[in-house]
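# Close look at the chain arrangement
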Amino acid sequence: MMYCYLYTFAMEEQQKWFEKVKSIGPMERGKLCRMRRGSKVYYNHQAWVKGRNQVRYVQAGEVPALREALKGYKKFLRLVEEYADAAIRETRKARQRNQ
């Protein structure tokens, strides 16, 4: 019984969650760092990949798109957290009903 309830809940929540995830758009991990050398400003994009910090130079024209992609990834992480919280709440409710 608990499995059926959780499965139904999961299917409904998954559909809502997938729709939200699909609407995010571009995503990129890491952070954008503004650097200065004398009076010149440039940007680096830093991200951990397979346990290593990778750094790449970002041209000024790419900065706005990269910022949006970084926001997209943060939104994705927030949605994953919300989904996990909802599933945990329902799991606990189902366990209490079965005790």
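Quick note: structure is the one above.
What you see as residue numbers is a count from 1 along each chain, following the sequence as written. Per-residue local features of the predicted model are confined to residues with pLDDT of at least 70, and side-chain atom pairs are confined, for both listing and counting, to 80 or more; whole-chain, interface and lining totals are unaffected and use all residues. Values reported for side chains reflect all heavy atoms of the structure, with hydrogen atoms and water molecules removed beforehand.

## Overview of the packing of aromatic side chains
The geometry of two aromatic rings is summed up by the distance between their centres and the angle between their planes. Filter applied, for reference: Here a pair means two rings of Phe, Tyr or Trp (six-membered ring of Trp) with centres within 6.5 Å. Their orientation is stacked below 30 degrees between planes, edge-to-face above 60, and tilted elsewhere. Helix and strand assignments come from DSSP, with helices taken as H or I runs of at least 4 residues and strands as E runs of at least 2, each series counted from the N terminus. Accessible area is worked out with a 1.4 Å probe on protein chains only. A residue is then buried under 20% of its type maximum, exposed over 50%, and partly exposed in between.
One pass over the structure, following the stated rule, counts two aromatic pairs. The interplanar angle of 40° and the centroid separation of 6.3 Å between the aromatic rings of tyrosine 42 and tyrosine 57 together place this pair among those described as tilted. With a gap of 15 residues between them, tyrosine 42 in strand β2 (residues 40-49) and tyrosine 57 in strand β3 (residues 52-58) connect regions that are remote in the sequence. Residue classification places tyrosine 57 among the exposed residues on the basis of a relative accessible area of 51%.

## So, the pairing of β2
Under the convention used in this document: Note: two strands are recorded as paired if DSSP finds a minimum of 2 bridges between them.
Bridging between strand β1 (residues 31-37) and β2 involves seven bridges; their strand directions are antiparallel. Across the sheet, methionine 35 pairs through a bridge with tyrosine 42, a residue of β2. Of the pairings in the sheet, the one linking β2 to β3 comprises seven bridges and is antiparallel in character. Residue pairing in the sheet places glutamine 46 in a bridge with valine 55 of β3. Here β2 hands over to β3 after two residues, with lysine 50 in that stretch at a positive phi of 50°.

## Describing the pattern of salt bridges
Our working definition: Here a salt bridge means any side-chain nitrogen of Lys or Arg lying within 4 Å of a carboxyl oxygen belonging to Asp or Glu.
Applying the stated criterion across every chain yields a total of four salt bridges. For lysine 22, the salt bridge goes to glutamate 19, with nearest N and O atoms at 3.3 Å. Residue lysine 22 and its partner glutamate 19 are both found in helix α1 (residues 2-22); the two are separated by three residues, about one turn of the helix. Relative accessible area serves as the criterion here: at 40%, glutamate 19 is assigned to the partly exposed category. Among the salt bridges present, the one from lysine 93 reaches glutamate 90, with a minimum N-O distance of 3.5 Å.

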